[in-house]
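Chain and residue survey
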Amino acid sequence: MTKKVAVLGEIRDGSLRNVSFEGLAAARTIAEGGEILAVLVGASLGTLAQDMIHYGADRVVTVEDEKLAQYTPDGFSQAFLSVVEQEKPEAIVFGHTALGKDLAPKIASRLGCGLISDAVDVEIAGGNVVFTRPIYSGKAFEKKIVSDGIVFATIRPNNIAPLEKETSRAGEVTALSAEIKDLRTIVREVAKKATQGVDLSEAKIIVAGGRGVKSADGFSPLQELADVLGGAVGASRGACDAEYCDYSLQIGQTGKVVTPDLYIACGISGAIQHLAGMSNSKVIVAINKDPEANIFKVADYGIVGDLFEVVPMLAEEFKNLLI
Ligand code: FAD
């Protein structure tokens, strides 16, 4: 049955996050030929609506207001719900990001519908929309069928491939003026952590270090390898707890969930809580001194050796290959 699907475009630093385009691809499956409606909420949306159209939206509804310059649950839910009221979508897709995780349950409870959170795949089977989502910290996957009511899901970034960008695609963009009022949260200032290089949650290549790097300086060869490959550096909680790096780099159950094309784990034992954040990476390379380390059970390629010897050798080899 065809459906109208609303996809929330997520904006960071004035650009759309990739998960917005992945949401449009998920919507294409869910819609079964129905309309894909992108929803953009913010203070100055510029040409972002066109980007959503180029990646598969048929139409875009924008809600622009100075009060929406920063995300607040109150402001964004009022804006999104006004779009829902006007457009009456039969399905909704958000990214499973910090914003999506915060906003989706609030919207679902207001709409009185269920929510499939953290979906990694979607298909149509037996006339139903079927989502796949990880359970038990990624050790198993379950299929969830939505047979009635509004189909509402958050999708895990980097799992559903976006559609090909088509700059020739055209679509209607309309502005909805929603009254944003009685905000209980007012964001006065956003202080960002100074980070350089590629954003960890969107990186295609991640070089991650564990307690085996032994010190903050021990991350230098990993950073060098990441720079050569155009990737980002991540870490286990072991490395963060030991104060070798900042917690913003932590990958795992209580850190970031990443699914890059290539994950190079250096000096990481492979505890289940770490695997929960990276085991869906497309190719996993593990470098560890201990041949019995658990990380080798999920690795596609394993190198038993000292990371301080192996990582610089890899950086050197890739440098030669890539120039
Ligand atoms: P270790 O387990 O100490 O492993 C270090 C590894 O380095 C060893 O395998 C060793 O052989 C290897 N090594 C040492 N020297 C070298 C060398 N020179 N060259 C090569 N290899 C070397 N952990 C996470 O990562 N992310 C999470 O989100 C997370 N959440 C958690 C939530 C809860 C509720 C709990 C209880 C734990 C959580 N943990 C998490 C912690 C997790 O259980 C592990 O303690 C942690 O992942 C271990 O980090 P590690 O692999 O870096 O350290």
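Look above for the structure.
Report on the accompanying structure. (Residues numbered from 1 in each chain as written. Predicted model: local features only at pLDDT ≥ 70, side-chain atom pairs only at ≥ 80, totals over all residues. Heavy atoms only, no water.)

1. Some thoughts on the sheet that holds strand S9 (residues 128-135)
- Spatially, S8-S9-S10 is the arrangement adopted by the 3 strands of the open sheet, whose pairing is antiparallel. Strand pairing shows two members of the sheet lacking a second neighbour, strand S8 (121-125) and strand S10 (140-146), which therefore form its edges. Adjacent strand axes in the sheet meet at a mean angle of 30° when their direction is disregarded.
- Contacting S8 and S9, helix H1 (residues 18-31) runs over the sheet at an angle of about 10° to S8. (Pairing = 2+ DSSP bridges. Helix = DSSP H or I, 4+ residues; strand = E, 2+ residues; numbered from the N terminus. Axes fitted to C-alpha atoms, helices over the stretch in contact; angles between N-to-C directions. Contact = heavy atoms within 4.5 Å.)

2. Some remarks on the nonpolar core
- Counting 34 residues, the largest nonpolar core has Met-52 and Phe-131 as its most contacted members.
- Contributions of two or more residues to this core are made by strand S1 (5-9), H1, strand S4 (36-42), helix H2 (48-54), strand S6 (91-95), strand S7 (116-119), S9 and strand S11 (151-155).
- If you tally residues by element for this core, the top one is H1, at 8 residues.
- Apart from residues lying up to four places away in sequence, Met-52 is in contact with Val-7, Gly-9, Leu-16, Ser-20, Phe-21, Leu-24, Ala-38, Leu-40, Ala-57 and Val-60.
- Core analysis: the next-biggest nonpolar cluster, separate from the first, contains 26 residues, Leu-37, Val-83, Phe-94 and Ala-104 among them. (Core = buried A, V, L, I, M, F, W, Y, C linked by side-chain atoms within 4.5 Å. Buried < 20%, exposed > 50% of the residue type's maximum accessible area, 1.4 Å probe, protein only.)

3. Let's talk about the layout of surface pockets
- Its boundaries defined by the atoms lining it, the second largest pocket holds a volume of some 330 Å³.
- Lining of the second largest pocket is provided by 18 residues; of these, Ser-236, Arg-237, Gly-238, Ala-271 and His-274 occupy positions nearest its centre.
- Elements with a contribution of two residues or more to the lining of the second largest pocket: helix H6 (237-241) and helix H7 (272-278).
- Class assignment for the residues of the lining of the second largest pocket results in 3 nonpolar, 13 polar and 2 charged. (1 Å grid on protein atoms, 1.4 Å probe; cavity = no way out; pocket = protein on both sides within 12 Å on 5 of 7 lines; lining within 4 Å. Points joined across faces, edges and corners; volume = space filled by probe spheres on them. Nonpolar A, V, L, I, M, F, W, Y, C, P; charged D, E, K, R; others polar.)

4. Let's talk about the packing of aromatic side chains
- Following the criterion strictly, the structure yields 4 aromatic pairs and no others.
- The interplanar angle of 20° and the centroid separation of 3.8 Å between the aromatic rings of Phe-21 and Tyr-55 together place this pair among those described as stacked. You can see Phe-21 sitting in helix H1 and its partner Tyr-55 sitting in the loop between H2 and strand S5 (59-64), a full 34 residues away along the chain. For the pair formed by Phe-21 and Tyr-55, the shared burial category is buried.
- Chaining the aromatic ring pairs together yields one cluster made of Phe-80, Phe-94 and Phe-152. (Phe/Tyr/Trp six-rings, centres within 6.5 Å; stacked < 30°, edge-to-face > 60°.)

5. Observations regarding the pattern of salt bridges
- Going through the model one piece at a time under the given rule, you end up with 17 salt bridges.
- Two residues, Glu-35 and Arg-59, come together in a salt bridge whose shortest N-O distance is 2.7 Å. With Glu-35 in the loop between H1 and S4 and Arg-59 in strand S5, this residue pair connects regions lying 24 residues apart in the sequence.
- For Glu-35, a relative accessible area of 25% puts it in the partly exposed group.
- Among the charged side chains, a salt-bridge network with shared partners connects Lys-4, Glu-35, Arg-59 and Glu-87. (Salt bridge = Lys/Arg side-chain N within 4 Å of Asp/Glu carboxyl O.)

6. Observations regarding H1
- Taking 1.5 Å per residue, 14 residues should reach 20 Å; H1 reaches 20 Å between its end C-alpha atoms and fits that length.
- Within H1, 11 of the 14 residues are buried, leaving the element largely enclosed by the surrounding structure.
- Where H1 is concerned, the buried positions are Val-19, Ser-20, Phe-21, Glu-22, Gly-23, Leu-24, Ala-25, Ala-26, Ala-27, Ile-30 and Ala-31. (Expected span 1.5 Å × (residues − 1).)

7. Observations regarding the site of the ligand
- Taken together, 26 residues lie around the ligand, and Arg-211, Ser-236, Thr-254, Ser-269 and Asn-288 are the ones closest in.
- Taking Asn-288, its side chain carries an N or O atom lying 2.7 Å from an oxygen atom of the ligand.
- Here a nitrogen atom of the ligand sits 2.9 Å away from a polar atom, N or O, in the main chain of Leu-307.
- Considered on its own, the ligand offers 980 Å² of accessible surface; in the complex 76% of this is hidden by protein.
- Among the cavities detected, the one that contains the ligand is the second largest pocket.
- When contributions to the shell around the ligand are tallied by element, the ones reaching two or more residues are H6, H7 and helix H9 (307-322).
- By residue class, the composition of the shell around the ligand is 5 nonpolar, 15 polar and 6 charged. (Near = heavy atom within 4 Å. Polar contact = N/O pair within 3.5 Å; in protein donor to acceptor, adjacent residues only side chain to side chain. Areas by Shrake-Rupley, 256 points an atom, 1.4 Å probe, with all protein chains shown as cover. Sits in = over half its atoms within 2 Å of the grid points.)

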